Structures are given as C-alpha cells and as structure tokens.
Amino acid sequence: MGFYDFRWVMSLFGTAVGAGILFLPIKTGVSGIYPVFFMMIIALPMVYFSHWGLCRYCFGHKGDISDVSREYYGAKVGFFITALYFFAFLPACVMYGVGITNTIISFAQNQLGMMDISRALVVFALISFLMLVMVLKEDLVIRVCEALVYPLCVILLVFSLYLIQFWDFGVFSVEFSWSDFLLTCFFALPILAFAFEHTPAVSTFASSMRRRYGEDKGIEKAKKVLFLNSILLLFFIMFFVFSSLMCLGSDDLAKAKELNISVVSYFAIKLNNDFIGYSAPVIAFLAIATSFFGHYFGAREGFCGLVDKGCELARKPAPKPKTLSRFCDLLFYVLMLVCSYLNPSIIGIIDNLTGPIIAGILFLLPVIGFYSVPSLKKYRNIWADAFIFIFGAVTICTVGFNVIKDFF
C-alpha cells in the first residue's frame, strides 16, 4: 500500500471519528459491559461490508450518491435519495448544536462554578460562531477541520488510556440478563451505525480510486483501503467505549443521558481530576465542532439539491446558487437557535432520525442496486449482501419499536 492509499485510509478514518463515538458508550452500556463485546464482533463486518458496498455502488459514475442514484434510476429516485441525505444530515446538525451548547454549559457550571449562566446567551453565542465559520471560504473550513481531526484522535486515545487507572472490574460481576442484553444490542444499532459511518466521503473516495488506478485495479485498491480503515476504526472506537464503560455504571450512564451530555463531559463531572475536568470539554468541543462542519456541508448541499431537482421536475427556473445558499444558511441558523435552546434528546435524534436514515442509505441502497441495476450485478456477494441488508432493515425497525416502547 502506497502513500496515496494510506492517506485515504486516514482521511476516511478522520471522517468517521467524531461526536458519534462520544454518545456510543451511553447507549451500549445501559445494561452492563457485555453488550460491548457483541458490538465488537459485528462492528468490523458491519463497517467494512457496508462501506465497501456503497463504494462499489458509486464506482461507475461521477458525483455524490444522489447523482449516482439518478444515473441508475432516473430523476425521481435521485430526488428521493437527495431528500434522504438531507434528512439524515439536518437532524445531525441540530444534534451537534444541542451537544456543543450542553458541553459549554456543563463546563461553566461544574469546572468554573458559573451556576446561573444563561442558556439563551450561550446558544446565541455558540450557534452564531459556528454559522459565522460556515459562511467563510469552504476550502479553508475543510482544511481546518482536517487539521483538527488528527489531534482529536490523539487526545481521545490518550484519554482512553488515562482512564485505565479508574477501571472497575466489578462491572463484570453485575448480574447478567439475556433480555436486557438483547434489548440493549437491538436498540443500540442506530447509534452504532452512526458512530462508525463515513458515508459523505465514500463517493469522492470511489471517484479518486477509479481516476488513479482505473476500474479493475481501483476496485481492489479501494477494498484494501476500506478494510484497513475498518480495522483502525474498530480498535480506536471500541477501545474508547470499553475504557469508558469500565469506569461507569448503569446509573452513571442514565444520568449522562438525562443531562443530555456526552460521556466525556460526564467524566468531567464525576471524576475529581483536573486533567479529565479540562481535557473532556476540549475533546467534546473539537469532536462536535468538526462533525458539525462536515454534516452542515452535507445538509446545505442536500437542501440546495432538493430545490434544484424539485424545480427541474416541476419545470420551473431554479434560484441562483448564491441566493439559495444564503437562504439555506439563514434558515438553518434560526432552526438551530430554536432547537439548541429547547434541548431535545441527542440520543433520541440519533435513534429515531439520523441513525435509521443513514442505515437506509448505507446498508440498503447498495444491496438494492446490486440486484436491480444490470451494471451492478457483477458486485453481488450473497452472504455479505444478506448480512448488510438484514442489519440495515433491523436498524430501521428500531424506530417503530422505540415508538411502541415510549407509548406503552
């Protein structure tokens, strides 16, 4: 593997590592440490086969996933896929706005002693700052985010290692219940899919491999890159989750969920330790901010794509790109101000919106393509396709069960 390929390994790795992993321990550890071992077993095939399938789906055409789908299925299906993209990324942006607000408020209250801090003021300052950054030159924002990802990864790894001194092996003596174990694994699927996904980069990656190596060799190179990236993600993310859960009980995780904060912010509250107290908010801020910028680009692109494709289907003139982009920024700004102040459940957004929609795009869309588009039939792999399709379908089904569970 050459430098070009390894750079793509790290680029995909950096795209996947973000705020999602900060909430993964809260969801997977509610019934003890044992569900984490099940997650470790399924994470590698889940990440590798799903992104490998999406890469092959995108390999034959230029453009993002909605453009590729339009080539395969026509304008109406392309419009539908663009809508899915938009509704996957927009709730994620809202979630990150809530998360970064709660991170700063928690830090101000617990580390700085500012108990009477105004949520409205914090929301206005933080969301205004994030949106101001977004109206700057896009290439500059992307370069800054790429530069921040690697220090973030190092800090997270150091944080995971530092927690070893607080490990409590008593977590293994907690009474095991098969029903709790199965329910935890089932309802954790959306956030598991969200924490590992790097969907936005796959179409660009596929185009890059095809352009550099050609179709046949490019496919094989892409396969190796994605496999190595999946192994790195498995080690990095699951070690962080395991290390976190070795320090926290189910009561702690329930409290973190109630406070609507990430697991690192909860560590800053729980552990009387200066390193944790001041590094945890930095980790959370960097992870959430970098994830927000990436997902915001996707949400804005999805919104503009919906308007353009909608106008095309209706045979009406589309707005000017700059005007549409600025309108989108203003609309998102107001939406994020309101939602960040109202403080909806972050894990609830992942469970019921972002996670299942991403599962539809990442797990179901490629498999459906392999068995319905003639040019994609050569990519069929019955066992991998069945695993990914079932995983995606079950992940989407969690939404219905969540509704039933909350209702009763």
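Relevant structure appears above.
Throughout, a residue's number is its position along its own chain's written sequence, starting from 1. Reporting of local features is limited, given that this is a predicted model, to residues whose pLDDT is at least 70; pairs of side-chain atoms are given and counted only at 80 or more, and all residues count toward the totals for whole chains, interfaces and linings. Only hydrogens and water are set aside when side-chain values are computed; all heavy atoms of the structure are taken into account.

The helix and strand labels rest on DSSP assignments: H or I over at least four residues marks a helix, E over at least two residues marks a strand, and numbering proceeds from the N terminus. In terms of regular secondary structure, the protein is built from 17 helices and 0 strands. Each radius of gyration is computed over the set of C-alpha atoms, and the globule rule expresses the reference value as 2.2 Å times the number of residues to the power 0.38. Taking 408 residues into account, the globule formula puts the C-alpha radius of gyration at 22 Å, and the protein, at 21 Å, falls close to it. Referenced to the eigenvectors of the C-alpha coordinate spread, the extents of the protein come out at roughly 60 × 50 × 45 Å. Categorising residues by exposure relies on relative accessible area from a 1.4 Å probe, with only protein chains included: less than 20% of the type maximum marks a residue as buried, more than 50% marks it as exposed, and the intermediate range marks it as partly exposed. Per-residue burial over the protein gives 54% buried out of 408 residues.

The residue F285 is located in helix α14 (residues 274-314) in this model. Residues F285 and Y96, spaced 189 residues apart in sequence, show a C-alpha to C-alpha distance of 9.7 Å. Beyond its immediate chain neighbours, meaning those up to four positions away, F285 contacts I100, T103, I104, L126 and F129. We call two residues in contact when some of their heavy atoms are within 4.5 Å.

This next bit is on the packing of helix α3 (residues 34-58) against helix α16 (residues 346-370). All axes are obtained by fitting lines to C-alpha atoms, using only the stretch in contact for helices, and the reported angles, taken between N-to-C directions, cover 0 to 180 degrees. Two numbers describe how α3 lies on α16: the axes approach to 9 Å, and their chain directions differ by 50 degrees. Put simply, α3 runs oblique to α16. Regarding α3 and α16, the two cross each other, and that crossing is left-handed. For the pair formed by α3 and α16, the contact residues are M46, S50, H51, G53, L54, R56 and Y57 on the first element and I361, L362, F363, L365, P366, G369 and F370 on the second. Looking at the contact of α3 with α16 residue by residue, the class counts come to 9 nonpolar, 4 polar and 1 charged. Here the angle decides the label: under 35 degrees means roughly parallel, over 145 means roughly antiparallel, 65 to 115 means roughly perpendicular, and every other value means oblique. Left-handed describes a crossing whose near helix is turned anticlockwise from the far helix by less than a right angle; the clockwise case is right-handed. In the scheme used here, Gly and all other residues not listed as nonpolar or charged are polar, with Ala, Val, Leu, Ile, Met, Phe, Trp, Tyr, Cys and Pro taken as nonpolar and Asp, Glu, Lys and Arg as charged.

Assignment of secondary structure puts S250 in helix α12 (residues 250-259). As for S250 and F3, which are separated by 247 residues in sequence, their C-alpha atoms are 44 Å apart.

Note that all results are geometric; they support no functional claim without further evidence.
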